[in-house]
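What follows is each chain in one-letter form.
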Amino acid sequence: MTTAQTQELDVQPSPLALLLLGREADPRSERGVECPGDLPSPSDPDLVARARAAKEKLGDKVFVLGHHYQRDEVIQFADVTGDSFKLARDAAARPEAEYIVFCGVHFMAESADILTSDEQKVVLPDLAAGCSMADMATAEQVAECWDVLTEAGIAEQVVPVSYMNSSADIKAFTGKHGGTICTSSNARRALDWAFEQGEKVLFLPDQHLGRNTAVRDMGMSLEDCVLYNPHKPNGGLTAEELRAAKMILWRGHCSVHGRFSLDSVNDVRERIPGVNVLVHPECRHEVVAAADHVGSTEYIIKALEAAPAGSKWAIGTELNLVRRLANRFASEDKEIVFLDKTVCFCSTMNRIDLPHLVWTLESLAEGTLVNRIEVDKETEAFAKLALERMLALP
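A. Representation of the overall build of the protein within the structure. Within the protein, the secondary structure is distributed over 18 helices and 14 strands. Against the globule reference of 21 Å for 394 residues, the protein gives a C-alpha radius of gyration of 22 Å, in line with a compact fold. For the protein, the proportion of its 394 residues judged to be buried stands at 54%. Here the analysis covers contacts within the protein between residues at least 6 apart in sequence; of these, 68% occur between residues at least 24 apart.

Set out below in structure tokens:
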């Protein structure tokens, strides 16, 4: 249908449609629609030299953080690498750095801004580097969910636990309602704490981490878990179902880890006899149940470091990391393959490329602050409260 025909029918595109088309912006969304400034050409042979020169010019004024899922071309310029929470804490431990360049995604940069001082400025090289999982829970949707829980008469029994992979707004909601944040490493401890505070948990936004932790690690049944769908009236659940549940799981997932299937596990076992299947807990429950080992990104790295020479591993996590680990341990005769035969990068994480990093560093070196990520003070206060509860976990 042409634009003229649409206008003739008086059909107006929705705000979401305009956002996806890149014709509107939503300041409270993880997605960005443009990156101001002229980026250098990706084919520029001097990109590495330009990045190095700009970083040297900035000296101690800049601290570059690189998430494990970043491209190698970006990771080479990171002062530290790690998962999102480790990097945010590393940034807070460098108060002398005026600029924190976070090579990751939007919610990670928000967490860094929450934990660093007011004098430090957190920069995201591409504002469009969002997170599909974090996008699956908005502040408005979660507030509506809380109203549903209130109407069911159970809100006072519910403690929210939000995964680190969530927006600052969701972290603030969690802090305001007496809950805590968790990572994939400490989700069990966070849930143990939450059940000491209340009878039920609202787990946001990744259903798979919540379900896997509750069932695999804590011995609950699948029947103890219900799935709240924000796109259905009352989350698609009856009041009776909500009252009977222990775990109220938000209908969210990671687009990378969610693609792995039981067929992937069975196929790799047929192709590589004796293979160890190691997956991230953001994978589906049936994948986690069929795997030999399950753990966070840091766990995966440490497991491969400790693995004996000649061992074989199929890894269910983001491809940049898997490929980097395969290259790193090739000399030790460790065979490391991607769990799925289909290549799968994190598309939003991969928006941070060398041209964006060069543009960012050169802009900062010239005294121009670009792409600053700044969380408002009220949101920051409640989000920090939730993070502090996590840090106080036994």
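B. Fine view of the sheet that holds strand β9 (residues 247-250). If you walk across this open sheet you meet the five strands as β6-β5-β7-β9-β8, and the pairing is parallel. The outermost strands of the open sheet, each flanked by one partner alone, are β6 (180-182) and β8 (225-228). Neighbour-to-neighbour, the strand axes of the sheet open up by a mean angle of 25°, direction not taken into account. Across four bridges, the pairing between β8 and β9 is parallel.

C. Spatial organisation of the packing of aromatic side chains. Applying the stated criterion across every chain yields a total of three aromatic pairs. For the pair Tyr228 and Trp250, a centre-to-centre distance of 5.3 Å together with 25° between the ring planes defines the contact as stacked. Of the two residues, Tyr228 is situated in strand β8 and Trp250 in strand β9; the sequence distance between them amounts to 22 residues. Owing to a relative accessible area of 1%, Tyr228 belongs among the buried residues under this scheme. Relative to Phe338, the ring of Phe260 lies with its centre 5.4 Å away and its plane at 65°, an arrangement referred to as edge-to-face. Of this pair, Phe260 sits in the loop between β9 and α13 (262-271) while Phe338 sits in strand β13 (residues 335-338), and the two are 78 residues apart along the sequence. For the pair formed by Phe260 and Phe338, the shared burial category is buried.

D. Up close: the pattern of salt bridges. Inspection of the entire model under this criterion finds 20 salt bridges. Here Asp44 and Arg50 are joined by a salt bridge, their closest N and O atoms 2.8 Å apart. Note that Glu98 and Lys61 form a salt bridge whose closest N and O atoms lie 3.8 Å from each other. Here Lys61 lies in the loop between α3 (47-58) and β1 (62-67) and Glu98 lies in the loop between α5 (84-92) and β3 (99-103), a separation of 37 residues in the sequence. On the accessibility criterion, Glu98 (26% relative accessible area) is partly exposed. Looking at Lys61, the relative accessible area reads 40%, which means it is partly exposed. Among the ionic contacts, a cluster of salt bridges with common partners joins Asp44, Arg50 and Glu362.

E. Up close: the sheet that holds strand β4 (residues 121-123). Judged by pairing direction, the sheet is mixed, and its five strands sit side by side in the order β2-β1-β3-β4-β14 without closing on themselves. Of all strands in the sheet, those bounded by a partner on one side alone are β2 (80-82) and β14 (372-373). Relative to β14, β4 is paired through two bridges, and the arrangement is antiparallel. The partner of Val123 across the bridge, within β14, is Arg372.

F. Structural detail: α3. Its 12 residues give α3 an end-to-end C-alpha distance of 17 Å, which sits within 8% of 16 Å, the value for a rise of 1.5 Å per residue. Taken together, the buried positions of α3 are occupied by Leu47, Ala51, Ala54, Lys55 and Leu58. Down the axis of α3, the sector holding all buried residues measures 100°, keeping them to one side. Facing away from the buried side of α3 by more than 90 degrees, the exposed set consists of Glu56 and Lys57. Within two residues after α3, Gly59 carries a phi angle of roughly 60°, on the positive side.

Here is what the cut-offs are and how they apply
Residues numbered from 1 in each chain as written. Predicted model: local features only at pLDDT ≥ 70, side-chain atom pairs only at ≥ 80, totals over all residues. Heavy atoms only, no water. Helix = DSSP H or I, 4+ residues; strand = E, 2+ residues; numbered from the N terminus. Rg over C-alpha atoms; globule rule 2.2 N^0.38 Å. Buried < 20%, exposed > 50% of the residue type's maximum accessible area, 1.4 Å probe, protein only. Contact = heavy atoms within 4.5 Å. Pairing = 2+ DSSP bridges. Axes fitted to C-alpha atoms, helices over the stretch in contact; angles between N-to-C directions. Phe/Tyr/Trp six-rings, centres within 6.5 Å; stacked < 30°, edge-to-face > 60°. Salt bridge = Lys/Arg side-chain N within 4 Å of Asp/Glu carboxyl O. Expected span 1.5 Å × (residues − 1). Arc of directions from axis to C-beta.

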